[in-house]
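Chain by chain, the residues:
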Amino acid sequence: MQRPENELDIQQLRASAEAAGQLLKALANPDRLLLLCQLSQGELNVTDLEALSGIQQPTLSQQLAVLRSKSMVETRRAGKQVYYRISSSAALAVIHVQEMQNEH
């Protein structure tokens, strides 16, 4: 039996729903959301993130570790400094929508 063209592929829909749920779960934490908002402006080191966000150690390190484990951020080491940047286009898109909402 052939499926109608407009029928959704339930397996693909489930996979997309799972990915969206994981993204939203990661973004549901206010500290992680704040860190991603700061990183949406560009690459920052840990010292700058702490100063800009007001999130202190060890909470900052814990939340950055979660973002790394979810592949939302990547790191670059330069000497003793560790720099973070957003690596998830989906997370960046959500942050940009949030920023646009805040402008209106």
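Sequence order sets the numbering: in each chain, residues are counted from 1 along the sequence as written. Two thresholds apply to this predicted model, a pLDDT of at least 70 for residue-level local features and 80 or more for giving and counting side-chain atom pairs, whereas whole-chain, interface and lining totals are computed over all residues. Side-chain figures throughout are based on the complete set of non-hydrogen atoms in the structure, without hydrogens or water.

**Student:** A description of the overall build of the protein chain should follow, citing residues and the corresponding values.
**Tutor:** On a plain count of helices and strands, the protein chain comes out with 5 helices and 3 strands. Secondary structure elements are taken from DSSP: a helix is a run of H or I of four residues or more, a strand is a run of E of two residues or more, and numbering for both begins at the N terminus. Ordered by position from the N terminus, the helices and strands of the protein chain form the series α-α-β-α-α-β-β-α. Taken over the C-alpha trace, the protein chain has a radius of gyration of 17 Å; the compact-globule value for 104 residues is 13 Å, which it surpasses by more than 25%. By principal-axis analysis of the C-alpha atoms, the protein chain measures approximately 60 × 35 × 20 Å. Exposed residues in this analysis have more than 50% of their type's maximum accessible area, buried residues have under 20%, and partly exposed residues fall in between, with area computed by a 1.4 Å probe over protein chains only. Counting only residues that meet the buried cut, the protein chain has 27% of its 104 residues in that class. Contacts were defined at the residue level, with two residues in contact if any of their heavy atoms lie within 4.5 Å. Of the contacts formed within the protein chain by residues at least 6 apart in sequence, a portion of 51% connects residues at least 24 apart. Atoms considered for the radius of gyration are the C-alpha atoms alone. The globule rule reads 2.2 Å times the number of residues to the power 0.38.

**Student:** Please provide a residue-by-residue account of the nonpolar core, values included.
**Tutor:** One finds L36, L49 and Y84 to be the most contacted residues of the largest nonpolar core, which totals 21 residues. Counting residues per element, the ones that place at least two in this core are α1 (10-27), α2 (30-39), α3 (46-53), α4 (59-69), β3 (81-86) and α5 (89-103). With 4 residues, the top contributor of residues to this core is α2. Discounting chain neighbours no more than four positions away, the residues touching L49 are L35, Q38, L39, L44, G54, L60, L64 and Y84. Here the nonpolar core consists of buried residues drawn from Ala, Val, Leu, Ile, Met, Phe, Trp, Tyr and Cys, with membership extended through side-chain atoms lying within 4.5 Å.

**Student:** Please provide a residue-by-residue account of the pairing of β3, values included.
**Tutor:** Note on strand geometry: in a regular strand, side chains alternate between the two faces of the sheet. Going residue by residue along β3, you find V82, Y84 and I86 tucked away on one face and Q81, Y83 and R85 left uncovered on the opposite face. In the sheet, strand β1 (residues 44-45) pairs with β3 via 2 bridges, with the strands oriented antiparallel. The residue of β3 that forms the bridge with N45 is Y83. Across 6 bridges, strand β2 (residues 73-78) lies against β3 in antiparallel orientation. For R76, the partnering residue across the bridge sits in β3 and is Y83. Pairing between two strands is assigned when DSSP locates at least 2 bridges connecting them. Adjacent in sequence and paired antiparallel, β2 and β3 are bridged by 2 residues, among which G79 carries a positive phi angle near 65°.

**Student:** Explain the pattern of salt bridges to me, using residue names and the numbers behind them.
**Tutor:** Take a side-chain nitrogen of Lys or Arg and a carboxyl oxygen of Asp or Glu: if they are within 4 Å of each other, that pair is a salt bridge. Applying the stated criterion to the full structure yields 3 salt bridges. We note a salt bridge from R85 to E74, for which the minimum N-O separation is 3.2 Å. Placement of the pair is R85 in strand β3 and E74 in strand β2, with a sequence separation of 11 residues. Of the residues examined, R85 reaches a relative accessible area of 30% and is grouped as partly exposed. Among the charged side chains, a network of salt bridges with common partners joins E43, E74, R76 and R85.

**Student:** A description of α4 should follow, citing residues and the corresponding values.
**Tutor:** For α4, every residue scored as buried is listed here: L60, Q63, L64 and L67. Along the axis of α4, the buried residues cluster in a sector spanning 100°; they form a single face. Along its buried surface, α4 packs onto α2, α3, β2 and β3. Backbone geometry just after α4 places S71 at a positive phi near 60°. Here the arc refers to the set of directions running from the helix axis out to each C-beta atom.

Function-wise, these values are silent; they only describe arrangement.
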